[in-house]
There are 2 protein chains.
Amino acid sequence: MSVIKIGGNVLDNPAQLDQFLTDFAAIKGPKVLVHGGGKIASELSKQLGIEPNMVNGRRITDADTLRVVTMVYGGLLNKNLVAQLQARGCNSLGLTGADANVIPAHKRSLKDIDYGFVGDVESPDQVNVPFLASLAEQGLTPIFAALTHDGQGNMLNTNADTIASTLAVALSRQFEVNLIYCFEKKGVLLDVEDENSVIHHLQPDNYAQLKEQGAIFAGMLPKLDNAFAALQAGVKAVIIGHAAEIQTIAAGEKVGTKITL
Amino acid sequence: MSVIKIGGNVLDNPAQLDQFLTDFAAIKGPKVLVHGGGKIASELSKQLGIEPNMVNGRRITDADTLRVVTMVYGGLLNKNLVAQLQARGCNSLGLTGADANVIPAHKRSLKDIDYGFVGDVESPDQVNVPFLASLAEQGLTPIFAALTHDGQGNMLNTNADTIASTLAVALSRQFEVNLIYCFEKKGVLLDVEDENSVIHHLQPDNYAQLKEQGAIFAGMLPKLDNAFAALQAGVKAVIIGHAAEIQTIAAGEKVGTKITL
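So, here is what we can say about the structure in this document. Computed from a prediction, not measured in an experiment: that's the story for all the values here.

### Examining the relation of the copies chain B and chain A
Phase 1 of the analysis: Structural alignment of chain B on chain A gives an RMSD of 0.0 Å, achieved by rotating through 180° and translating 0.0 Å along the axis. Both chain copies can therefore be described as sitting about a two-fold axis. For chain B, the minimum C-alpha distance to the rotation axis belongs to Gly75 of chain B and amounts to 1.8 Å.
Phase 2 of the analysis: Most of the interface of chain B is mirrored in chain A, where 100% of its interface residues again form contacts.

### Details of the sheet that holds strand S11 (residues 178-183) of chain A
Residue and element names in this part refer to chain A.
Phase 1 of the analysis: One open sheet accounts for eight strands, arranged S5-S8-S2-S1-S11-S13-S14-S12; its pairing is mixed. Looking along the sheet, the strands with just one partner apiece sit at the ends: strand S5 (92-95) and strand S12 (201-202).
Phase 2 of the analysis: The pairing of strand S1 (residues 2-6) with S11 spans five bridges and is classified as parallel. Bridge pairing in S11 places Val3 opposite Leu179.

### Points about empty space enclosed by the protein
Residue and element names in this part refer to chain B.
Phase 1 of the analysis: Applying the stated criterion to the full structure yields one cavity of 30 Å³ or more.
Phase 2 of the analysis: The computed volume of the largest cavity comes to approximately 50 Å³.
Phase 3 of the analysis: Lining of the largest cavity is provided by Met1, Pro30, Lys31, Val32, Leu132, Ala136, Leu140, Pro142 and Leu171.
Phase 4 of the analysis: Every element with two or more residues in the lining of the largest cavity is listed here: strand S2 (31-35) and helix H5 (129-137).
Phase 5 of the analysis: In terms of residue class, the lining of the largest cavity is made up of eight nonpolar, no polar and one charged.

Rules used in this analysis
- Residues numbered from 1 in each chain as written.
- Chains lettered and ligands numbered in written order.
- Predicted model: local features only at pLDDT ≥ 70, side-chain atom pairs only at ≥ 80, totals over all residues.
- Heavy atoms only, no water.
- Least-squares fit on C-alpha atoms with pLDDT ≥ 70 in both.
- Contact = heavy atoms within 4.5 Å.
- Pairing = 2+ DSSP bridges.
- Helix = DSSP H or I, 4+ residues; strand = E, 2+ residues; numbered from the N terminus.
- 1 Å grid on protein atoms, 1.4 Å probe; cavity = no way out; pocket = protein on both sides within 12 Å on 5 of 7 lines; lining within 4 Å.
- Points joined across faces, edges and corners; volume = space filled by probe spheres on them.
- Nonpolar A, V, L, I, M, F, W, Y, C, P; charged D, E, K, R; others polar.

All we've got here are geometric facts, nothing functional implied.
Structure below.
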C-alpha cells in the first residue's frame, strides 16, 4: 500500500496537479492520498478579511480560520480532487479524521503558544484500520484532507505530514506500506542549490554521519527524524521525491530519496 | 432504514440543530442524513462579492458559486455535522455523490435556462448501493451534502430533496426504507396558517381528492408528487414532519404526515 502526501506547491499549479492526478490514478495496488492546501486557505482568508496569524511559521487557527480551512481543505480541494480522480477512473472518496472517526485527535494543549483549533493525533493504535481495510477491499481510494476532530464536536486543523505518517504506521499493521512525500524537489539534496545532488538512500548510519557533517539542510531534519520514527513503527520504506515522478517512485524504482532502516 | 432530509431552517438555527442532532444520533437502526445549506452559501457568496443569481427561485450555479457551495455544503456544514454527531456517539462520515461515485449524475442540459453547474442525478439503479450497505454493516451513518459530480472532473450543485429520494429508492432494493423530510412545520397542512391542521395520512385516493378541492398548498404539490413516485419505486413510507419531532417520526409513531400507497 502506498500512502502519498502531496505538497502545497502541486495543489497550487493546475498543470502539475493535472499530471500528478493522472499518474496517481495509474498507480497499481491500494493507495491513500493526503493533502493540505495552506496557500489557497490563506487566499480565501484574505478575501474574507481574516488576517493570517503566523507564529514561528505556523498558522494560529482561531474560530474564523478553522471555518476557512474546513471549507477549503475539507470541501473545495478534497471534493475537487475526488471528482478529478473519478474522471480518471480512480474510485476515490474524500475523508477527514472525523469521518468514521478514522483519526482520533485532541486539541493541542496550551503551552507557550495557543495554536487554537489545531489537532494533535492520538496514537496510530487508535486509527480506524478496519474501516480503511474495508475501503481497500472494495477498491476505494481514500483522499484525506488535513483535518481531524476532537471528539467533542469541533474540527481541528492538523499537519498533513503527521496525518500521512500516522496513517502509514497504523496501516503497516495490516499492509506492507510505503510512505511517500511528494514535493517540488527531486529528493533530499546534499546541496540545496543543486537539484542533481539527491541522496538516493538514507539509512541510520549514513544519516547520522551526514547530520554530523552538517550536510543535510536543517529544514529537512524534522521530516527525516519523523521518517525514521515511522520506519521504526513498522513502515517498510519512506520515499521523498518530486511529484512529477510519483508513478516511478510508487513502482519502487530508484527515484528520489529512499529511507529505510 | 431511515433516509432523512433536513431543511435549511434547522441548519441555520444553532439551538434547533443541536437538538436535532441529539435526536438523530439516538435513532435506532441504519440511517442516512441529507442536507443542503443554501442560506449559509448565500452569506459567504455575499462576503466574497459574488452576486447570487436566482431565476424562478432557483440558484444559477456559475463557476464561482460552485466553489462556494462545494466549500459550504461539502466542507463547512458537512464536516461540522460529522464532528457533532461523533461527539454524540454516532459514528458518521460525510459524503457527496462524487465520493465512491455513490450518486452518478450529469450536468443539467441547457434548455430555456442555463442553470450552470447543476446536477441531475442518474437513475437510482446507478447508485452505489453495495458501498452504502457496507457502511451500514459497519454501523456507519452517511451524511450527504447536496453535491454530485459529472464523471468528468466537475462537482455539481444538486437538489437535496432529489438526493434524498434517489438514495431512498436505491436503498429500498436492499432495505425497508422510510424517507423522512424534516422542515419547520408539523406536516402537510390543510390550512397553511393553522399548524394544527396536519393531514395525518395521505394515500393516492384522498390525495387526488384534496388536490381536486384545491385544499393542498400549491408549493407542496411537487414534493408530494415526488413522494408518491418514491413509493411507487419501492420506498415503504414517506413522512413529512417537524425537525423537532424526528425521533418520534423515525420510531414510526403517528406524527407528521405519513404518505403511503
